[in-house]
Amino acid sequence: MNFLALVLAVTFPLVIAASSEGSFIFDAFQDPQRDTFLIGNFPDDFLWGVATASYQIEGAWDVDGKGPSIWDSFSHSKGKVYQNQTGDIACDSYNKIQRDVEMLKELGVKAYRFSISWSRILPTGTLESFNQAGVDYYRRVLTALEAAGIEPMVTLYHWDLPQALQDIGGWENEMMAVYFSDYADICFREFGEKVKLWITFNEQIVFTVFGYELGMHAPGLKHSGYGAYKAAHTSIKAHANAWHIYDKKYRSKQGGKVSIVFNSDWFEPKTDSYGDQLAAKRMSDLYMGWLAHPIFVNGDYPVIMKEYVANVSRLQGLTTSRLPTFSESEKRLIAGTFDFFGLNHYTTSYVNHKSTAHPRIASFMLDYDMEISKDDAWPKAASSWLSIVPWGMRRLLGWIKEHYGDVPIYITENGMSQSEMDIKDELRVKYFKAYINEVLKAHLIDGVNIKGYFAWSLMDNFEWAEGYREKFGLYEVNFDDPERPRTPRESAKTFAGIIKNNGFTVSQDKSKTEL
């Protein structure tokens, strides 16, 4: 037994897998100090779950009074989505509540994270268009979960803004913070008796940069240099407003918690050079800190972010920074509006310093003098951006603890995509074992306060601009069959086994449950 294993065996009620066979999950990662497989268990109250999102699974896009969302409009525009596919039917979960709940029970999860479609509750996005049929649908979902003993974690905004609100500017219009507050208030009122874990926003950095800066996601805008900053600025204030509404009106009666979900790679310096080390640190401070720092620290953006954008703005001839500013009263409103930390994590990236010329056409992507890359040796998923690097999970969790304190963390998404050709599901089985094992190390060895883990995703679904060609599901969905049958993959059986063991109590090769 090496020194690290000896220390761990003495200090913690766990062991490092000691045999040469099975000690490492991936051939590409065999650092004994970093990658050796850990045997151990999560706390008894650890919350195991899976996650989905409304537009990606529900279908029924124009049924029972639902209004169009920006993703309805975007996917109906030719050339925006792979093979012009849409979420019009998706997994047909609107009509298959019982089958979806059966799948949750088969996996043995304790919780289910799903999102509410804003335009199903308020078809035009505002109070005047209240739609009882939409409320009734989500009540049916919650009732079915309650009967199955499964706790809901509900996301209020997973990217499907009502089109009527986009028509007046979407998240670049600061009135969205008011309209979102009204929508959140309705959801707390209508569903709060059954929901104790609320998420305001999912991955602001994605829907703002991809939707308002690069035009790759709905609403498809290319407001280069300022669109993402403005949209994110509004969404941060919207989150804070919703948190305070719950805190003042509902918390004492309903006893729930409200927070927000961020996504981030782990950012590793590409070389040992001082410049690359600073660039990697800067990337974490900016990528995560842009949205988390105002909420978890002081109500404002990180200093380094403000300095960089202001400096580039000056070089481009502007008299003020392209990054919006919060007033002192807004900072007080925003700071501390969290009850836990929601994290979506999939992959790791290398970062190197790269001095950038700053053209007159501003770009969010060129503001910070850095370059992102992957290692060709890392195993790859079907998604071009998703390299498999398990050790990045543990390092990112440690970074969150270091920067934001002993905050309770829910890993609200983690998973990998495969293509139609990956029939055996072997790579995803390894992915879940390795990444969850890194979560275990972060908790047991590093003392990170991790409260739960949600796999992405329960089933194959509409993967935004990639349509249905990337498969993230624990359950395979046959989209060629009108009935949308769901079939468990090998990774579903593996995940169910990990849940049953509440971690890894035997050789990882035996952590599998037949479904």
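**Points about the overall build of the protein**
- Helix and strand counts for the protein stand at 17 helices and 16 strands.
- Its C-alpha atoms give the protein a radius of gyration of 22 Å, near enough to 24 Å, the size a compact globule of 515 residues would have.
- When the backbone C-alpha atoms are referred to their principal axes, the protein occupies close to 65 × 55 × 50 Å.
- Counting across all 515 residues of the protein, residues that qualify as buried make up 60%.
- Total accessible area on the protein stands at roughly 19800 Å², and carbon and sulfur atoms take up 52% of it.

**Examining the packing of aromatic side chains**
- One pass over the full model with this rule turns up 60 aromatic pairs.
- Summarising the aromatic geometry, the rings of phenylalanine 37 and phenylalanine 504 are spaced 4.9 Å apart at their centres and angled 80° between planes, so their arrangement reads as edge-to-face. A residue pair is termed long-range when its members are at least 10 positions apart, and phenylalanine 37 in the loop between strand 1 (15-16) and strand 2 (38-41) and phenylalanine 504 in strand 16 (residues 503-504) qualify at 467 residues. Accessibility assignment for this pair places phenylalanine 37 and phenylalanine 504 in one class, buried.
- With centroids separated by 6.1 Å and ring planes inclined at 85°, the aromatic side chains of tyrosine 346 and phenylalanine 472 adopt a geometry described as edge-to-face. With a gap of 126 residues between them, tyrosine 346 in the loop between strand 9 (341-344) and strand 10 (348-353) and phenylalanine 472 in the loop between strand 13 (450-456) and strand 14 (475-477) connect regions that are remote in the sequence.
- Among the residues examined, tyrosine 346 registers a relative accessible area of 9% and is labelled buried.
- Connected via pairs of aromatic rings, a cluster forms that spans Phe42, Phe46, Trp48, Tyr431, Phe432, Tyr435, Tyr453 and Phe495.
- The ring of tyrosine 137 is capped by arginine 120, whose NZ or CZ atom sits 5.6 Å from the centre of that ring.

**Things to note about the pairing of strand 9**
- Neither face of strand 9 is open: one carries Phe341 and Leu343, the other Gly342 and Asn344, and all of them are buried.
- With three bridges joining them, strand 7 (residues 257-263) and strand 9 adopt parallel strand pairing. When the sheet's bridge partners are listed, asparagine 263 is paired in strand 9 with asparagine 344.
- Of the pairings in the sheet, the one linking strand 9 to strand 12 (residues 409-413) comprises four bridges and is parallel in character. Opposite leucine 343, over in strand 12, you have isoleucine 411 as the bridge partner.

**Some words on helix 12 (residues 289-298)**
- Taken across its ten residues, helix 12 has eight buried, putting it largely inside the fold.
- Looking only at helix 12, the buried set comprises Gly289, Trp290, Leu291, Ala292, His293, Pro294, Ile295 and Phe296.
- Among the residues trailing helix 12, glycine 299 stands out with phi positive, at a value near 80°.

**Looking at the packing of helix 15 (residues 391-404) against helix 16 (residues 426-444)**
- Running from N to C, helix 15 and helix 16 point in directions that differ by 35°, and their axes come no closer than 8 Å. For the pair helix 15 and helix 16, the sense of crossing is right-handed. Touching Trp391, Met393, Arg394 and Leu397 of helix 15 are Tyr435, Glu438, Val439, Lys441 and Ala442, all from helix 16.
- Across the contact of helix 15 with helix 16, the residue classes tally to six nonpolar, no polar and three charged.

**Observations concerning the pattern of salt bridges**
- Across all of its chains, the model carries 30 salt bridges by this definition.
- A salt bridge links aspartate 185 to lysine 249; the shortest N-O distance between them is 2.9 Å. Remark: lysine 249 occurs in helix 10 (residues 227-254) and aspartate 185 occurs in helix 8 (residues 176-191); sequence separation between them is 64 residues.
- Owing to a relative accessible area of 18%, aspartate 185 belongs among the buried residues under this scheme.
- Note that arginine 251 and aspartate 339 form a salt bridge whose closest N and O atoms lie 3.1 Å from each other. In this pair, arginine 251 is assigned in helix 10 and aspartate 339 in the loop between helix 14 (328-334) and strand 9, connecting sequence segments 88 residues apart.

**Some remarks on the layout of surface pockets**
- Of the volumes computed, that of the largest pocket is approximately 1300 Å³.
- Residue lining of the largest pocket: 46 residues in total, with Val206, Phe210, Asn263, Tyr287 and Trp385 positioned closest to the centre.
- Those elements that place two or more of their residues in the lining of the largest pocket are helix 9 (204-213), helix 11 (274-287) and strand 11 (370-373).
- A breakdown of the residues in the lining of the largest pocket according to their chemical character gives 24 nonpolar, 13 polar and nine charged.
- Roughly 190 Å³ of volume is contained in the second largest pocket.
- Leu278, Lys281, Arg282, Asp285, Gly289, His293, Val297, Pro302, Ile304, His403 and Tyr404 together form the lining of the second largest pocket.
- The element best represented in the lining of the second largest pocket is helix 11, accounting for four residues.

Each value, and the rule that gives it
Residues numbered from 1 in each chain as written. Predicted model: local features only at pLDDT ≥ 70, side-chain atom pairs only at ≥ 80, totals over all residues. Heavy atoms only, no water. Helix = DSSP H or I, 4+ residues; strand = E, 2+ residues; numbered from the N terminus. Rg over C-alpha atoms; globule rule 2.2 N^0.38 Å. Buried < 20%, exposed > 50% of the residue type's maximum accessible area, 1.4 Å probe, protein only. Areas by Shrake-Rupley, 256 points an atom, 1.4 Å probe, with all protein chains shown as cover. Phe/Tyr/Trp six-rings, centres within 6.5 Å; stacked < 30°, edge-to-face > 60°. Lys NZ or Arg CZ within 6 Å of the ring centre and 35° of its normal. Pairing = 2+ DSSP bridges. Axes fitted to C-alpha atoms, helices over the stretch in contact; angles between N-to-C directions. Left-handed = near helix turned anticlockwise from the far one by under 90°. Contact = heavy atoms within 4.5 Å. Nonpolar A, V, L, I, M, F, W, Y, C, P; charged D, E, K, R; others polar. Salt bridge = Lys/Arg side-chain N within 4 Å of Asp/Glu carboxyl O. 1 Å grid on protein atoms, 1.4 Å probe; cavity = no way out; pocket = protein on both sides within 12 Å on 5 of 7 lines; lining within 4 Å. Points joined across faces, edges and corners; volume = space filled by probe spheres on them.

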